[in-house]
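# Structural overview for review
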Amino acid sequence: MPNGSPVFIAFRSSTKKNVQYDDVPDYKDRLSLSENYTLSIKNARISDEKRFVCMLVTEDDVSEEPTIVKVFKQPSQPEILHQADFLETEKLQMLGECVARESYPAGNVTWYKNGKVLQPVEEVVVINLQKIVDKSTGLFTMTSSLQYMPTKEDANAKFSCIVTYYGPSGQKTIQSEPVVFDVHYPTEKVTIQVLSQSSTIKEGDNITLKCSGNGNPPPQEFLFYIPGETEGIRSSDTYVMTDVRRNATGEYKCSLTDKSMMDSTTITVHYLDLQLTPSGEVTKQIGEALPVSCTISSSRNATVFWIKDNTRMQTSPSFSSLQYQDAGNYICETTLQEVEGLKKRKTLKLIVEGKPQIKMTKKTNTNKMSKTIVCHVEGFPKPAVQWTVTGSGSIINKTEETKYVNGKFSSKIVIAPEENVTLTCIAENQLERTVTSLNVSAISIPEYDEPEDRNDDNSEKVNDQAKLIVGIVVGLLLAALVAGVVYWLYVKKSNDAKGKSEKAAAQNFPSLPRQEKHYFFSLLVLWFV
């Protein structure tokens with residue numbers, strides 16, 4: 001009993017089968033004594049931890065054997081209660097309390113961080129353990145409080161506690177669920193970033209600057225310093241600039257609101273300007289000169305190319321003497337290859353006008369039964385062509401026209417005239433009316449057939465031949481002039497020296513009189529010419 005005095009609680013005789021239980025309130029209805037003298041106690045209590053004695057009584061002797069009953073109670077899983085909302089570096093504060101309830105005997109509590117035991121360190125790790133017994137049940141509640149001074153590295157650290165207790169088989173442990181605390185620490189570094197979908201920035205883009213600090217919690221306000229501005233602009237962690245221009249190029253900075261810890265970055269706003277002179281629609285006359293320039297101004301080297309009528313040109317256009325084939329749509333285009341989407345182009349629509357020019361040719365067809373008359377026309381806008389017969393004034397409607405290309409085309413008629421006729425070709429556009437006529441012999445009369453057209457190479461060859469003929473004729477005339485001068489000097493000398501001349505002439509031309517000799521020399525000169 002609690003006072004130390006013994007009391008009988010159960011009796012069983014070997015001869016009598018009944019069992020007798022003494023009236024002990026603590027064990028009422030909880031005892032059971034079997035035939036083999038095994039005593040069982042139901043619903044064990046802490047108060048059952050006592051000294052029990054088995055007494056054997058015979059006719060001759062009394063013997064007894066004691067045993068000590070130990071009672072164990074596993075504690076509940078420990079919990080970390082009264083957790084701190086957050087931890088601050090360089091400050092010793094209560095992290096929480098680890099509580100394990102209803103243990104017997106009392107257990108011990110150990111704190112862990114990331115699986116390692118936390119040992120007490122003065123002013124850094126302070127652990128206090130309390131063991132409180134419930135007088136009604138005799139069970140213990142263990143409460144261990146942890147005061148902790150965290151560092152920046154404790155962010156995301158896992159804190160837990162383990163209760164160690166004793167059971168029938170020895171020492172055992174139960175661990176709490178881990179807890180992670182929000183560790184607050186001051187900002188030590190500020191960083192500025194440019195948020196952009198592209199690695200390069202061009203005029204017209206939007207720029208978002210983001211400033212961040214490495215503290216926890218991070219700073220919510222900053223000062224942004226823009227090129228050209230002396231004072232910082234107070235803003236949240238982002239600052240947006242829309243539709244930026246080239247003058248936005250420069251160094252950007254941000255700092256904390258107390259102007260401490262500053263960071264900077266350089267932004268280049270790429271630009272591309274194109275000036276085409278002339279541009280738009282330009283009308284010029286054939287043969288005129290037209291200087292064309294495409295001037296580029298850019299933030300870095302640009303690529304320039306020309307396109308005419310959807311075909312890329314190998315060189316830039318240059319017009320010292322405009323021709324009809326020079327007309328068309330020209331595009332000067334430039335790009336910055338490293339800057340996505342930065343491209344500029346301007347157009348020049350060149351119109352080359354010209355008054356109608358006519359050249360007529362005729363040719364007798366191979367069947368000798370008809371002649372083909374062709375009116376070769378140049379001009380822009382495209383001239384309208386009309387054929388008439390001079391004299392009668394009748395209009396010839398049955399004509400064939402070639403395709404109008406580069407300001408040139410031809411109109412053709414086929415006739416079989418019974419008599420000589422004069423055909424007139426009339427070409428007219430908005431600039432002028434041009435009329436040219438051509439005499440055509442009757443089909444029965446032979447005549448020189450002119451080629452329909454000559455290309456530029458043939459024309460150059462004809463011109464070269466004409467130049468050669470003119471050179472030969474001029475050379476012959478000069479030679480004739482020299483021969484005449486020589487002859488005149490000869491006659492004069494003959495008159496001044498008659499004796500010698502007559503004697504010499506008589507020897508050379510004994511059968512001719514002197515006057516006949518003069519005629520002879522004249523005939524020689526004329527023959528040479």
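All figures in this text were calculated on a predicted structure; none of them were measured in a lab.

In terms of regular secondary structure, the protein chain is built from 3 helices and 40 strands. For the protein chain, with 529 residues in total, the buried portion stands at 32%. Counted over contacts in the protein chain with a minimum sequence separation of 6, partners at least 24 positions apart contribute 57%. Carbon together with sulfur atoms contributes 51% to the accessible area of the protein chain, which is approximately 33,800 Å² in total.

Attention now goes to the state of the cysteines. Tallied over the entire structure, the rule returns 4 disulfides. Each bonded cysteine of the protein chain gets a number by its place in the sequence, and the pairs then read 1-2, 3-4, 5-6, 7-8.

Before going further, it helps to spend a moment on the nonpolar core. Ranked by size, the top nonpolar core spans 23 residues in total, and within it Leu 95, Trp 111, Leu 118, Leu 146, Tyr 148 and Phe 159 carry the most contacts. Elements supplying a minimum of two residues to this core: strand 9 (93-103), strand 10 (108-113), strand 13 (140-148) and strand 14 (158-167). No other element matches strand 14, which puts 4 residues into this core. Listed in part, the 18 residues of the second largest apolar core include Ile 201, Leu 209, Phe 222 and Ile 267.

A few words now on the packing of aromatic side chains. Counted by the stated rule, this structure contains 7 aromatic pairs. Between Phe 224 and Tyr 239 the ring centres are 5.7 Å apart and the planes differ by 25 degrees, which places this aromatic pair in the stacked class. With Phe 224 in strand 21 (residues 222-225) and Tyr 239 in strand 23 (residues 238-241), this pair connects stretches of sequence that are 15 residues apart. Between Tyr 404 and Phe 409, the aromatic rings sit 5.7 Å apart at their centres with planes inclined by 70 degrees, giving edge-to-face as the arrangement. When its relative accessible area of 5% is taken as the criterion, Phe 409 is described as buried. Here the aromatic cluster, defined as three or more aromatic residues joined through ring pairs, consists of Tyr 148, Phe 159 and Phe 181. Between the NZ or CZ atom of Lys 382 and the centre of the ring of Phe 409, over which it lies, the distance is 4.9 Å.

With antiparallel pairing, the 4 strands of this open sheet are ordered in space as 36-35-39-40. The open sheet is flanked by strand 36 (395-396) and strand 40 (433-440), the only strands paired with a single partner. Two elements, strand 39 (residues 421-428) and strand 40, share 8 bridges in a ladder whose sense is antiparallel. By the bridge assignment, Ile 426 is partnered in strand 40 with Val 435.

On to the sheet that holds strand 24 (residues 250-256), then. Read across the open sheet, the 4 strands follow the order 22-21-24-25; overall the sheet is antiparallel. Strands at the two margins of the open sheet, each flanked by one partner only, are strand 22 (233-235) and strand 25 (262-267). Taking the axes of each pair of neighbouring strands and ignoring which way they run, one obtains an average angle of 25 degrees across the sheet. Summarising the sheet, strand 21 and strand 22 pair through 3 bridges and their orientation is antiparallel. Residue pairing across strands places Leu 223 opposite Arg 234, the latter belonging to strand 22.

A grouping of Phe 8, Val 53, Met 55, Val 57 and Val 62 is seen on the molecular surface, where their side chains present a nonpolar patch of about 470 Å² in accessible area. If one sorts the elements of the nonpolar patch by residue count, strand 5 (residues 51-57) sits on top with 3 residues. If you trace the backbone, Val 57 turns up in strand 5.

Now for the environment of Ile 331. Among the secondary structure elements, Ile 331 is positioned in strand 32 (residues 328-335). Distance in space between the C-alpha atoms of Ile 331 and Lys 349 is 8.7 Å, their sequence separation being 18 residues. Once residues lying within four places of it in the same chain are set aside, the contact partners of Ile 331 are Phe 305, Trp 306, Ile 307, Arg 345, Lys 346 and Thr 347.

Our focus in this paragraph is the side chain of Thr 200. Its place among the elements puts Thr 200 in the loop between strand 18 (190-195) and strand 19 (201-202). Excluding anything up to four places from it in sequence, Thr 200 contacts Asp 205, His 270, Glu 338, Val 339 and Glu 340.

Here we take up the pattern of salt bridges. Per the counting criterion, the structure on display carries 22 salt bridges. For Glu 281, the salt bridge identified is with Lys 349, shortest N-O distance 4.0 Å. Note that Glu 281 is positioned in strand 28 (residues 280-285) and Lys 349 in strand 33 (residues 343-364), a separation of 68 residues in sequence. Judged by its relative accessible area of 55%, Glu 281 falls in the exposed class. Between Lys 408 and Glu 378 there is a salt bridge whose closest N-O contact spans 3.6 Å. Of the two residues, Lys 408 is situated in strand 38 (residues 408-415) and Glu 378 in strand 34 (residues 371-380); the sequence distance between them amounts to 30 residues. Residue Lys 408 is classed as partly exposed on the basis of its relative accessible area of 42%. Through salt bridges with shared partners, one network takes in Glu 203, Arg 246 and Asp 273.

About the criteria used
Residues numbered from 1 in each chain as written. Predicted model: local features only at pLDDT ≥ 70, side-chain atom pairs only at ≥ 80, totals over all residues. Heavy atoms only, no water. Helix = DSSP H or I, 4+ residues; strand = E, 2+ residues; numbered from the N terminus. Buried < 20%, exposed > 50% of the residue type's maximum accessible area, 1.4 Å probe, protein only. Contact = heavy atoms within 4.5 Å. Areas by Shrake-Rupley, 256 points an atom, 1.4 Å probe, with all protein chains shown as cover. Disulfide = S-S within 2.5 Å. Core = buried A, V, L, I, M, F, W, Y, C linked by side-chain atoms within 4.5 Å. Phe/Tyr/Trp six-rings, centres within 6.5 Å; stacked < 30°, edge-to-face > 60°. Lys NZ or Arg CZ within 6 Å of the ring centre and 35° of its normal. Pairing = 2+ DSSP bridges. Axes fitted to C-alpha atoms, helices over the stretch in contact; angles between N-to-C directions. Patch = residues over 30% accessible without salt bridge, like charges linked within 9 Å, V, L, I, M, F, W, Y side chains within 5 Å. Salt bridge = Lys/Arg side-chain N within 4 Å of Asp/Glu carboxyl O.

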